[in-house]
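# Chains, contacts and geometry: an overview
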Amino acid sequence: TLYEVLSSPTVALPAIMLTAWIISTNRMVVSTVDIVGAFLNAKETYEVHMRLSKELANILVDIDASRYKDFLCPDGSIIVKLEKALYGLVEAPRLWYDLLRTAIQESGFRASEYDECVFVKHGSDNQIIGIMALHVDDLLIGCCTNDELNKISKTLKAKFKNITVKDGPIVDYLGMTLNFEHAGKVTDRKSTR
């Protein structure tokens, strides 16, 4: 259906709680990641044109008249072709989700059958060595080792450039404060990013 093609899933609250439980019971090191300007990372796959108001058109002409002046409409507006997904476009969330999902899967994580916004990475012994929950551009990530957590963070940073990483053991995620401190063991780590 058109809805499935254009809509983007977001992680369900029970899946977030299950992810947090797995991180906690496995005493994983934890980070949250925010990908700044997420949708702008996704390339537009449809030809989309947008009319900019006279005021915005004037700004473009002021920036580079030789490039934009000839394209002004009689009413002073300008029509532009979008090359990147833009917040507010119907298809932008799905384009972004597909791009991020591909990057996550290239790092060895696989989407859960329970929730397609929870990704799990297994080791050679089939034990969970990493788990993450995804809500648009906000990720909660837990890994069994600092090296594994640094690896996924570096991969995301290389792919999306402008990301903010906050290391645990106490992290804020989607308006919740999650505390992963453990008696006798603090899962905080030194960042090498």
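Before reading on, note that the structure itself is shown above.
All of these numbers come straight from a predicted model, not from anything done at the bench.

### Description of the pattern of salt bridges
Following the criterion strictly, the structure yields 3 salt bridges and no others. Across the pair R101 and E116 runs a salt bridge, and its minimum N-O distance is 3.9 Å. Of this pair, R101 sits in helix α5 (residues 92–106) while E116 sits in the loop between β4 (110–111) and β5 (118–122), placing them 15 residues apart in sequence. Given a relative accessible area of 23%, R101 falls into the partly exposed group. A residue is classified by how much of its surface remains accessible, and E116, at 36% relative accessible area, is partly exposed. Note that E148 and K151 form a salt bridge whose closest N and O atoms lie 3.7 Å from each other. With E148 and K151 both in helix α6 (residues 146–160), this residue pair falls 3 residues apart, about one helical turn. Overall, the relative accessible area of 10% leaves E148 in the buried class. Residues participating in the shared-partner salt-bridge network are K121, E148 and K151.

### Digging into unusual backbone geometry
That bond from G168 to P169 is cis: its omega, 25 degrees, falls within 30 degrees of zero. For P169, the location among the structural elements is in the loop between β8 (163–167) and β9 (170–173). Unusually for a residue other than glycine, V136 sits at a positive phi of about 60 degrees. For V136, the position within the fold is in the loop between β6 (128–135) and β7 (138–143). Owing to a relative accessible area of 28%, V136 belongs among the partly exposed residues under this scheme. A positive phi angle is found at K161, which is not glycine, with a value near 65 degrees. Looking at the element boundaries, K161 is found in the loop between α6 and β8.

### Here we look at the sheet that holds β8
The pairing of strands in a sheet happens through backbone hydrogen bonds and is either parallel or antiparallel. Here 6 strands make up an open sheet; going across it, the order is β4-β5-β6-β7-β1-β8 and the pairing antiparallel. The outermost strands of the open sheet, each flanked by one partner alone, are β4 and β8. Where strand β1 (residues 29–35) meets β7, 6 bridges bridge the pair, whose relative direction is antiparallel. Opposite V33, over in β7, you have L139 as the bridge partner. Across the face of the sheet, α6 comes into contact with β1, β5, β6, β7 and β8 while running at roughly 150 degrees to β7.

### Quick notes on the environment of K166
Relative to the helices and strands, K166 resides in strand β8. For K166, a relative accessible area of 53% corresponds to the exposed category. On a C-alpha basis, the gap between K166 and D34 in space is 8.7 Å, while along the polypeptide they are 132 residues apart. When near neighbours in sequence (up to four residues on either side) are disregarded, K166 contacts V30, S31, T32 and V171.

### Describing the pairing of β9
Looking along a regular strand, one sees side chains alternate from face to face of the sheet. Covered by surrounding structure in β9 are V171 and Y173 only, the residues I170 and D172 on the alternate face being uncovered. Summarising the sheet, β9 and strand β10 (residues 176–179) pair through 4 bridges and their orientation is antiparallel. Note on β10: the bridge partner recorded for D172 is T177. Counted between consecutive antiparallel strands, the loop separating β9 from β10 contains 2 residues, among which L174 sits at a positive phi close to 55 degrees.

The rules behind these values
Residues numbered from 1 in each chain as written. Predicted model: local features only at pLDDT ≥ 70, side-chain atom pairs only at ≥ 80, totals over all residues. Heavy atoms only, no water. Salt bridge = Lys/Arg side-chain N within 4 Å of Asp/Glu carboxyl O. Helix = DSSP H or I, 4+ residues; strand = E, 2+ residues; numbered from the N terminus. Buried < 20%, exposed > 50% of the residue type's maximum accessible area, 1.4 Å probe, protein only. Pairing = 2+ DSSP bridges. Contact = heavy atoms within 4.5 Å. Axes fitted to C-alpha atoms, helices over the stretch in contact; angles between N-to-C directions.

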